Amino acid sequence: MRKPAENIAILGLQWGDEGKGKLVDLLSANFQHVVRFQGGNNAGHTVVVNGESIALHQIPSGALNPGCFLVVGSGVVLNIEVLHQELERLRERGIDVGKRLLLSSNAHVVLPYHIALDNWRESGSDRIGTTGRGIGPAYEMKAARLGVRLGDFDSPNAIIRITSVHREVSRIIDGSTPLPPPEKVHQNLNSLIQPIKDCLGDAQRHLLDAWRKGESILFEGAQATMLDIDHGTYPFVTSSNCSIGGLFTGTGLPPKVLTKVFGVAKAYTTRVGVGPFPSELKDSTGEHIRQVGHEFGTTTGRPRRCGWFDAVVLRHSCSVNGVDGLGIMKLDVLDGLDSIGIVKGYKDKSGKHIAHLPSATYGWEDIEPITEYVDGWKVPTRGIKNWKDLPTQARKYLHTLEEAIETKIVYVSTGPDRDSGLATPRSWAKNWLG
Ligand code: IMP
């Protein structure tokens, strides 16, 4: 009997930008299909090959591996114009993914109206610091059953639905931003969809067939659990389910397809946009991490807020996703620090210890982190490829993290290049990551 394939999900456990793209890029060489299932071009995955970075927003990071078939599931909201730019950027580097890309006809299309509405909302006092890519409104209209799907461009449905969205957005923003007429939007999108028509199809059926044939599938999460609309720091979240549930709704596959959940976190924490961040460092150490870690958004270029590793956040994310093993990224950014903090709990206003995340955002303002410090290391970890070559203090730090979150670390990244990193001793990820 054929051994069932391992099908792995790579999920961010903090507030995004954990380095999922690097892991997907590394692992994808061993998988036949790589799948995006939620989010849109609010995501920015940077993969570095031979010192050259490529930023991908909607195309799965497996694009760089010629043996990988790339699937964009129905849970994604697609900006077609940006998709063309990504395809072009890849072509310029000699990578043509046209014959190995499948876009679900059920995926919703981001319209200029969604972008206008997103930016209109962000100009008000309730702003949450979105990426301004129209993602929230695109999901909002999907839930309101006003959305436009890729497959709609086959029929008069597209112009009818674009007109409905135009009407809805005009009503909300009440003339404060000029909107292009529906006919023009339709014409433009139609002309962009024609050249990629062959890539549209039934992604659910494709993946189900692949699974039944025993082909291996890698699922690439975008954003992260703390930005999940249900399990994150609502309302300072994105509008999709970035944690495990989104994988099933965004592909139409049953849970038993999945064999492992690979959670990804940085060795510290970052977040962009507004919202709670208990372990944030607003001092020179935070600035040091931002500069050394190049913590500026891939999508918007915004400086990321930086702070210590937060074990409370990680315990929450590991439990929501049922994480089987952790990838700890950017350990090298902490090189040279005298001491390194780990947030192990919180205190409320009255000094009471809190071991879990407050469920409502209003509870966050008054919580204070309980930070424990470990010694830093002087020997740089940058580029290290073997566990035994890590400085003793760095290994101690990683063990402290494991104990605090009760989850095994299976991979450690020590630099942006593909080969800067290591699978930990006895890690199941060794099969894929060497
Ligand atoms: P939206 O997804 O553009 O609506 O933005 C909502 C929140 O999610 C904002 O705080 C964004 O900064 C954040 N966000 C969205 N996508 C990403 C990402 O890929 N990495 C990090 N933060 C993100």
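This is a predicted model, so every value here is computed, not measured. (Residues numbered from 1 in each chain as written. Predicted model: local features only at pLDDT ≥ 70, side-chain atom pairs only at ≥ 80, totals over all residues. Heavy atoms only, no water.)

1. A look at the domain arrangement of the chain
Now for step 1: The assigned domain composition of the chain is domain 1 (8-105 + 198-260), domain 2 (108-194) and domain 3 (265-433).
Now for step 2: On a C-alpha basis, the centres of domain 1 and domain 3 stand 23 Å from each other.
Now for step 3: When the buried surface of domain 1 facing domain 3 is broken down by residue, Leu-13, Trp-15 and Lys-22 rank first, second and third, together holding 23% of it.
Now for step 4: If you look at where domain 1 meets domain 3, you find 15 residue pairs in polar contact (both at pLDDT 80 or more).
Now for step 5: For the side of domain 1 that touches domain 3, the secondary-structure elements that each account for two or more residues are strand E1 (8-12), helix H1 (20-27) and strand E3 (45-49).
Now for step 6: The biggest single contributor to the side of domain 1 that touches domain 3 is H1, with five residues. (Domains from an automatic or database assignment. Buried area = accessible area lost by both parts, 1.4 Å probe. Polar contact = N/O pair within 3.5 Å; in protein donor to acceptor, adjacent residues only side chain to side chain. Helix = DSSP H or I, 4+ residues; strand = E, 2+ residues; numbered from the N terminus.)

2. Some thoughts on the site of the ligand
Now for step 1: As a matter of local geometry, the ligand sits amid 15 residues, with Asp-17, Asn-42, Thr-131, Thr-238 and Arg-302 nearest to it.
Now for step 2: In the environment of the ligand, an oxygen atom lies 3.3 Å from a nitrogen or oxygen atom belonging to the backbone of Gly-129.
Now for step 3: Its free accessible area being 480 Å², the ligand has 97% of it covered by the protein chains.
Now for step 4: A per-class count over the shell around the ligand returns six nonpolar, seven polar and two charged. (Near = heavy atom within 4 Å. Areas by Shrake-Rupley, 256 points an atom, 1.4 Å probe, with all protein chains shown as cover. Nonpolar A, V, L, I, M, F, W, Y, C, P; charged D, E, K, R; others polar.)

3. Here we look at the pattern of salt bridges
Now for step 1: Taken as a whole and assessed by the stated rule, the structure comprises 20 salt bridges.
Now for step 2: In this structure, the salt-bridge partner of Glu-6 is Lys-260, at a minimum N-O distance of 3.6 Å. On the criterion of sequence distance, the pair formed by Glu-6 in the segment before E1 and Lys-260 in strand E11 (residues 260-266) is long-range, its members being 254 residues apart.
Now for step 3: For Lys-266, the salt bridge identified is with Glu-295, shortest N-O distance 2.9 Å. Remark: Glu-295 occurs in the loop between helix H9 (284-292) and strand E13 (305-307) and Lys-266 occurs in strand E11; sequence separation between them is 29 residues. Each member of the pair, Lys-266 as well as Glu-295, carries the same accessibility label: buried.
Now for step 4: Through salt bridges with shared partners, a single ionic network connects Asp-17, Lys-266, Glu-295, Arg-304 and Lys-330. (Salt bridge = Lys/Arg side-chain N within 4 Å of Asp/Glu carboxyl O. Buried < 20%, exposed > 50% of the residue type's maximum accessible area, 1.4 Å probe, protein only.)

4. Digging into the nonpolar core
Now for step 1: Grouped together as the largest cluster of nonpolar side chains are 65 residues, with contacts concentrated most on Phe-219, Phe-309 and Tyr-397.
Now for step 2: Residues from two domains meet in this core; each of domain 1 (8-105 + 198-260) and domain 3 (265-433) gives at least three.
Now for step 3: Beyond its immediate chain neighbours, meaning those up to four positions away, Phe-219 contacts Asn-7, Ile-8, Ala-9, Ile-10, Val-35, Phe-37, Leu-247, Thr-251, Leu-253, Val-257 and Leu-258.
Now for step 4: Ranked by size, the runner-up nonpolar core spans 59 residues in total, among them Leu-23, Ala-107, Leu-150 and Ala-429. (Core = buried A, V, L, I, M, F, W, Y, C linked by side-chain atoms within 4.5 Å. Contact = heavy atoms within 4.5 Å.)

5. Some details on the sheet that holds E11
Now for step 1: Pairing in this open sheet of ten strands is mixed, and the strands run E9-E7-E5-E2-E10-E1-E11-E15-E19-E20 from one edge to the other. At either end of the open sheet lies a strand with only one pairing partner, and these are strand E9 (200-201) and strand E20 (421-423).
Now for step 2: Examined bridge by bridge, E1 and strand E10 (residues 217-220) share three bridges and lie parallel to one another. Note that in E10 the partner of Ile-10 across the bridge is Glu-220.
Now for step 3: The strands touched by H1 within the sheet are E1, strand E2 (33-36), E10, E11, strand E15 (325-329) and strand E19 (409-413), with E1 carrying the most contacts at an inclination of about 165°.
Now for step 4: Set on the sheet, helix H7 (residues 203-212) makes contact with E2, strand E5 (69-72), strand E7 (101-104), E9 and E10; between it and E5 the angle comes to about 135°. (Pairing = 2+ DSSP bridges. Axes fitted to C-alpha atoms, helices over the stretch in contact; angles between N-to-C directions.)

6. Some remarks on the environment of Phe-219
Now for step 1: As for its placement among the helices and strands, Phe-219 is situated in strand E10.
Now for step 2: Its relative accessible area of 1% is what places Phe-219 among the buried residues.

7. Section: H1
Now for step 1: Counting buried positions over the eight residues of H1 gives eight, a clear majority of the element.
Now for step 2: Residues Lys-20, Gly-21, Lys-22, Leu-23, Val-24, Asp-25, Leu-26 and Leu-27 constitute the buried set of H1.

8. Here we look at the side chain of Asp-335
Now for step 1: Relative to the helices and strands, Asp-335 resides in the loop between E15 and strand E16 (339-347).
Now for step 2: Although Asp-335 lies buried, it forms no salt bridge, and the closest oppositely charged side chain, Arg-382, sits 6.9 Å away as judged by the N-O distance.
Now for step 3: Among the polar contacts made by the side chain of Asp-335, one reaches the main-chain amide nitrogen of Arg-382 at a distance of 3.3 Å.
Now for step 4: Sequence-distant contacts of Asp-335, defined by excluding residues within four places in its chain, comprise Trp-377, Pro-380, Thr-381 and Arg-382. (Lys, Arg positive; Asp, Glu negative; His and termini not counted.)

9. As for the packing of aromatic side chains
Now for step 1: The tally for this structure, following the rule as stated, stands at five aromatic pairs.
Now for step 2: Note on Tyr-346 and Trp-364: the rings are 6.4 Å apart at their centroids and 55° apart in plane angle, and the pair reads as tilted. Taken together, the positions of Tyr-346 in strand E16 and Trp-364 in the loop between strand E17 (353-354) and strand E18 (368-375) put the pair 18 residues apart, joining distant regions of the chain.
Now for step 3: Residue Tyr-346 is classed as buried on the basis of its relative accessible area, which comes to 0%.
Now for step 4: On the accessibility criterion, Trp-364 (8% relative accessible area) is buried.
Now for step 5: Plain terms: the ring middles of Trp-377 and Tyr-397 are 5.9 Å apart, the flat faces sit at 45° to each other, and that makes the pair tilted. (Phe/Tyr/Trp six-rings, centres within 6.5 Å; stacked < 30°, edge-to-face > 60°.)

10. Quick word on the packing of helix H2 (residues 80-92) against helix H6 (residues 182-193)
Packed helix pairs are characterised by how far apart their axes lie and by the angle those axes make with each other.
Now for step 1: At a minimum axis separation of 10 Å, H2 and H6 run at an interaxial angle of 35°. For the pair H2 and H6, the crossing hand works out as left-handed. Between H2, through Ile-80, Glu-81 and His-84, and H6, the contact on the second element is made entirely by Asn-188, Leu-189, Leu-192 and Ile-193.
Now for step 2: Of the residues contributing to the contact of H2 with H6, the split by class is four nonpolar, two polar and one charged. (Left-handed = near helix turned anticlockwise from the far one by under 90°.)

11. Topic: the pairing of E5
Now for step 1: Relative to E5, E2 runs parallel, the two being bridged by four bridges. Of the residues in E5, the one forming a bridge with Val-34 is Leu-70.
Now for step 2: Judged from the three bridges that link them, E5 and E7 form a sheet pairing that is parallel. Residue pairing in the sheet places Val-72 in a bridge with Leu-103 of E7.

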